[in-house]
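Below are the chains, spelled out letter by letter.
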Amino acid sequence: MFVYFYSIQPSTRWKELVDIVKFQAGLAKASNAITEFRMLNNAAPMVVGIPADPNTYSQLCQVIDSSGPAGATPLCRHINEVAAQVRAMEPQLRANGHKACVTICTDGQASDGDVTAALKPLHQLPVWVVLRLCTDEQKVVNYWNSIDSQLELELEILDDLSSEAKEVAKFNNWFTYGEPLHMLRQFGIAIKELDMLDEKKLTADQVRDVVAIM
C-alpha cells in the first residue's frame, strides 16, 4: 500500500490533512499493513507497518509535526515512481489476488505535468486509487473530477466527513455515515457497496450487504 502525503498551501485544513496521515500511519503500524508515506517536498519516503522497524511511525510523526505547507506539487514524478514500484510487485500481487492502494491527499493540482497521463499506466496494474480532497475550492474539485472522467481507473474521490455524510444522505438516508467508516475508506478499504453509498440508492440486496459488513 502506498499513501501520498501532500504539501498543501496554508489553510485551516492543514490540520485535517495532518490528522488523516497520522491516523493512517497508526493503523498501518497496528495492523502491520506495509505503507509507504511520501511527502511531495522536504522528506524522503518513509515506510510504516514493518514489524521489524516499529520506530518509523514515531519518526514519521516527527517529520509531519516539523513540516508545514510549502513548495510545489511534483505529483507526476511521484506517481511515476510508485507505478514503477507496483509494476515490479505485479506478479506477486496478481498471484495472491491482492491490489496496491494509492491514497492521494491534496488541496491542489500537479505542478510538474499532465497528471492524467501519469495516472494512466496504473489502469494496467492491480491498483486501487483513493483521492482525498482537502479543499472546497471549486476549481480544484472540477480539475480532479475531470481527471476521473478521462480515466478508466478504479478511483474513489473523497471529501471531508461532513461533505461525504451529506452525499450519502442524498441517496441513502437510512444510513448514518460516521467517522470510523470514513477513515477506513481513506485508508483504502475497497468494498463496492461502500463506495456506492454516495453515488446512488442501494438495492435491497446491497443494503443487506452493507449491514452485514457493518
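Look a little higher up for the structure.
Below is a summary of the structure that appears in this document. (Residues numbered from 1 in each chain as written. Predicted model: local features only at pLDDT ≥ 70, side-chain atom pairs only at ≥ 80, totals over all residues. Heavy atoms only, no water.)

When helices and strands are tallied, the chain shows nine helices and six strands. For 214 residues, the compact-globule formula gives about 17 Å, and the C-alpha radius of gyration of the chain, at 17 Å, lands near that figure. Taken along the three principal axes of its C-alpha coordinates, the chain extends 50 × 40 × 35 Å. Scored against the burial criterion, the 214 residues of the chain give a buried share of 48%. Within the chain, contacts between residues at least 6 apart in sequence are counted, and of these 73% link residues at least 24 apart. Of the roughly 10500 Å² of accessible surface on the chain, 53% is carried by carbon and sulfur atoms. Here the chain contributes 19 positive and 27 negative side-chain charges, whose respective centroids are spaced 1 Å apart. (Helix = DSSP H or I, 4+ residues; strand = E, 2+ residues; numbered from the N terminus. Rg over C-alpha atoms; globule rule 2.2 N^0.38 Å. Buried < 20%, exposed > 50% of the residue type's maximum accessible area, 1.4 Å probe, protein only. Contact = heavy atoms within 4.5 Å. Areas by Shrake-Rupley, 256 points an atom, 1.4 Å probe, with all protein chains shown as cover. Lys, Arg positive; Asp, Glu negative; His and termini not counted. Charge placed at Lys NZ, Arg CZ, Asp CG, Glu CD.)

A word on the pattern of salt bridges. A complete count under the given rule lists ten salt bridges for this structure. In this structure, Glu-137 and Lys-139 form a salt bridge, with 3.9 Å as the shortest nitrogen-oxygen distance. A relative accessible area of 39% places Glu-137 in the partly exposed class. For Lys-139, a relative accessible area of 54% puts it in the exposed group. Here Arg-185 makes a salt bridge to Glu-156, at a shortest N to O gap of 2.2 Å. Of this pair, Arg-185 sits in helix 7 (residues 179–187) while Glu-156 sits in strand 6 (residues 155–158); the two residues are 29 residues apart in sequence, bridging distant segments of the chain. Of the two residues examined, Arg-185 and Glu-156, each falls in the buried class. (Salt bridge = Lys/Arg side-chain N within 4 Å of Asp/Glu carboxyl O.)

Take the packing of helix 1 (residues 14–31) against helix 7 next. Between helix 1 and helix 7, whose axes approach to 10 Å, the crossing angle comes to 80°. In terms of axis orientation, helix 1 runs roughly perpendicular to helix 7. Counting all contacts with helix 1, which are made through Ile-20, Phe-23, Gln-24, Leu-27 and Ala-28, the residues of helix 7 involved are Met-183, Leu-184, Gln-186 and Phe-187. Among the residues making up the contact of helix 1 with helix 7, the classes are represented as seven nonpolar, two polar and no charged. (Axes fitted to C-alpha atoms, helices over the stretch in contact; angles between N-to-C directions. Parallel < 35°, antiparallel > 145°, perpendicular 65-115°, else oblique. Nonpolar A, V, L, I, M, F, W, Y, C, P; charged D, E, K, R; others polar.)

Counting buried positions along strand 5 (residues 127–133) yields seven of seven residues, so the element is predominantly enclosed. The alternating pattern of strand 5 places Val-127, Val-129, Leu-131 and Leu-133 and Trp-128, Val-130 and Arg-132 on opposite faces, both of which are buried. One ladder, built from seven bridges, connects strand 4 (residues 100–106) with strand 5; its direction is parallel. Counted as the bridge partner of Ala-100 is Val-127 from strand 5. As paired elements, strand 5 and strand 6 share four bridges and run parallel to each other. In the strand pairing of strand 6, Leu-131 is matched with Ile-157. (Pairing = 2+ DSSP bridges.)

All right, on to the side chain of Asp-159 then. If you trace the backbone, Asp-159 turns up in the loop between strand 6 and helix 6 (161–171). Assessed through its relative accessible area of 16%, Asp-159 is described here as buried. Beyond its immediate chain neighbours, meaning those up to four positions away, Asp-159 contacts Arg-13, Arg-132, Leu-133, Thr-135, Asp-136, Glu-164 and His-182.

The next subject is the state of the cysteines. This structure, assessed with the given rule, holds zero disulfides. Free of any disulfide, Cys-105 has its nearest neighbouring cysteine sulfur in Cys-134, separated by 5.6 Å. (Disulfide = S-S within 2.5 Å.)

The next point concerns helix 1. With 18 residues, helix 1 should cover 26 Å at 1.5 Å per step; its first-to-last C-alpha distance of 26 Å lies within 8% of that length. Considered for burial, the residues of helix 1 that qualify are Trp-14, Glu-16, Leu-17, Val-18, Ile-20, Val-21, Gln-24, Ala-25 and Ala-28. Looking one or two residues beyond helix 1, the residue adopting positive phi is Asn-32, at roughly 55°. (Expected span 1.5 Å × (residues − 1).)

It is worth spelling out the environment of Thr-106 at this point. Along the chain, Thr-106 falls in strand 4. Classification of Thr-106 by relative accessible area gives buried; the value is 2%. Residues Thr-106 and Leu-151, 45 residues apart in the sequence, show an inter-C-alpha distance of 19 Å.

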